[in-house]
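These are the residues of each chain, in order.
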Amino acid sequence: GMSPKKNHEVTQMITYIRGLLSSLPGVHHVVDVGSGQGYLSRALRDTLHLHVLAIDGDGAQTQGAERRAAKVQKGKAHEHAGAGSLTHKTVRITPDTLKSAVDEWTAGQGAVPVLVVALHACGSLTPDIVRCCLAQRRENWTLAGAVLVGCCYNLIVPSDCDPPPYTEDSSRPCTLHDLVLTEHHVQLAAQVPSQWTRTEEALRAAELAMNKVVWRALLGRWVGLTSRAREGAGVKPPSDTAEPRARVRLGKLGKAAYADWATFLRVASERTGVAFPGAASRDPDLALRRRLEVVYVMRCLLGPVVESLVLLDRMVWVQEGLGGGGMEVGLVNLFDQGTGSGRNVAIVIAPR
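Residues numbered from 1 in each chain as written. Predicted model: local features only at pLDDT ≥ 70, side-chain atom pairs only at ≥ 80, totals over all residues. Heavy atoms only, no water.

A. Spatial organisation of the packing of aromatic side chains. Throughout the structure, instances matching the rule amount to 6 aromatic pairs. When the centroid spacing of 5.9 Å and the interplanar angle of 90° are considered together, the rings of tryptophan 215 and tryptophan 261 count as edge-to-face. One end of the pair, tryptophan 215, is in helix α7 (residues 200-232); the other, tryptophan 261, is in helix α8 (residues 261-272), and 46 residues separate them in sequence. Tryptophan 261 gets classed as buried once you look at its relative accessible area, which sits at 2%. Pairing tryptophan 215 with phenylalanine 264 gives two aromatic rings, centres 5.7 Å apart and planes at 50°, and the pair type is tilted. One end of the pair, tryptophan 215, is in helix α7; the other, phenylalanine 264, is in helix α8, and 49 residues separate them in sequence. When sorted by exposure, tryptophan 215 lands in the same class as phenylalanine 264, which is buried. Taken together, the aromatic side chains of Trp215, Tyr258, Trp261 and Phe264 make up a single cluster linked through ring pairs. (Phe/Tyr/Trp six-rings, centres within 6.5 Å; stacked < 30°, edge-to-face > 60°. Helix = DSSP H or I, 4+ residues; strand = E, 2+ residues; numbered from the N terminus. Buried < 20%, exposed > 50% of the residue type's maximum accessible area, 1.4 Å probe, protein only.)

B. Focus on the pattern of salt bridges. Scanning all chains against the criterion turns up 11 salt bridges. Residues lysine 5 and glutamate 9 are paired through a salt bridge, measuring 3.0 Å at the closest nitrogen-oxygen approach. Of the two residues, lysine 5 and glutamate 9 are both situated in helix α1 (residues 4-21); the distance of 4 residues between them amounts to about one turn of the helix. Across the pair lysine 6 and glutamate 9 runs a salt bridge whose closest N-O atoms are separated by 3.9 Å. In this pair, lysine 6 and glutamate 9 both sit in helix α1, 3 residues apart, roughly one turn of the helix. In this structure lysine 6 comes out as partly exposed when scored by relative accessible area, which is 22%. (Salt bridge = Lys/Arg side-chain N within 4 Å of Asp/Glu carboxyl O.)

C. Here's a closer look at the nonpolar core. Core analysis: the biggest nonpolar cluster contains 33 residues, and Val31, Leu98, Val116 and Ile129 have the highest contact counts within it. Counting residues per element, this core draws most heavily on helix α5 (residues 125-136), at 6 residues. Beyond its immediate chain neighbours, meaning those up to four positions away, valine 31 contacts Leu53, Ile55, Leu98, Val102, Trp105, Val114, Leu115, Val116 and Val117. Core analysis: the second largest hydrophobic core is formed by 30 residues, Leu24, Tyr39, Val117 and Ala346 among them. (Core = buried A, V, L, I, M, F, W, Y, C linked by side-chain atoms within 4.5 Å. Contact = heavy atoms within 4.5 Å.)

D. Structural detail: helix α9 (residues 286-322). The end-to-end C-alpha separation of α9 is 53 Å, in line with the 54 Å expected for 37 residues at 1.5 Å each. Most pronounced at glycine 303, the bend in α9 amounts to some 35°, and the proline proline 304 follows within four residues. Directly after α9, the chain includes glycine 323, whose backbone phi takes a positive value near 70°. (Expected span 1.5 Å × (residues − 1). Bend = angle between axes of the 7 residues up to and from the residue.)

E. Fine view of the pairing of strand β2 (residues 51-56). Across the 6 residues of β2, 5 count as buried, placing the element largely inside the fold. Here strand β1 (residues 29-33) runs beside β2; their pairing, made up of 5 bridges, is parallel. Paired with valine 30 across the strands is valine 52, a residue of β2. Regarding topology, helix α2 (residues 39-48) serves as the crossover connection from β1 to the parallel β2, and that connection is right-handed. Sheet topology places β2 next to strand β3 (residues 85-90); 6 bridges connect them, and they run parallel. Bridging from a neighbouring strand, histidine 51 pairs with serine 85 of β3. (Pairing = 2+ DSSP bridges. Right-handed = clockwise from strand over helix to strand, strands pointing away.)

F. Examining the state of the cysteines more closely. Taken as a whole and judged by the stated rule, the model has 0 disulfides. The thiol sulfur of cysteine 122 is not disulfide-bonded, and the nearest other cysteine sulfur, from cysteine 151, lies at 4.0 Å. The exposure class assigned to cysteine 122 is partly exposed, which follows from its relative accessible area of 34%. Of the residues examined, cysteine 151 reaches a relative accessible area of 17% and is grouped as buried. (Disulfide = S-S within 2.5 Å.)

Spelled out as structure tokens, the structure:
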């Protein structure tokens, strides 16, 4: 069920982990954090014969992964006898809950060396995994190493972007540095403009992504005009809010909603309950739309620079947290961006 892109990522990840394990004798347990549909988890069990704990925060993802795992197990039962294991667990992942989940999984087995992996851990999941790893190196189960590939930063917790100064116990990246990247800076850091035109499909996807940003910005302008029109007509907002614009939330829309401007506006009106008089019959201001598109592209072109800063900052943060012990950290390019995999850099923690 994997796409070619996902197949490439899982294959490369398994190949790298196989090589890493050759320098980590005695490591047979691995935790896959943010495991999703379990593609990597099953490969870790079936290809490397490891005992795998697959953790995800979404019950639907866990259930889907379990169904896929059962189907694979049924079809190839003779191949898996005594060749590792796979345990799924749904947890709202934080550094503490992640630690507790692994504690429970390894209970009664002594100081089990554990490899922690993540393939495209979204938002603040990567920093949370790092926090758990740095705190766990000398307790109960032991950290044998980690291979962490982050993803987009759309779900990042704002506090993970807070500027200095930090408190002593804040345990955030940049504890000794003055680098400031706000939530707005990192929103578009996962863009790879160099790959937008590699195929016709990629170009259409890039155009859709641009429309999502630009049309929503134009919609915000219409919401503002509509709000002022209400105020001018003496129409008061509902009692539960003092500002009409504050309660307008569009949410996620399907691809079909972006077929054209009129369709987008109709769907947005139905979703928000806001009427846009006179707007549905014509396209938005073309000059303004083009200016917004230019801003979007410029931000995307700066994305790789921003992400490089994020990755370097996280590497230094881990380096400081390891404290010069027997472990070290590095950045490794795992995937080929030509396959469409924009998130291709892993933060690797391993013995010196």
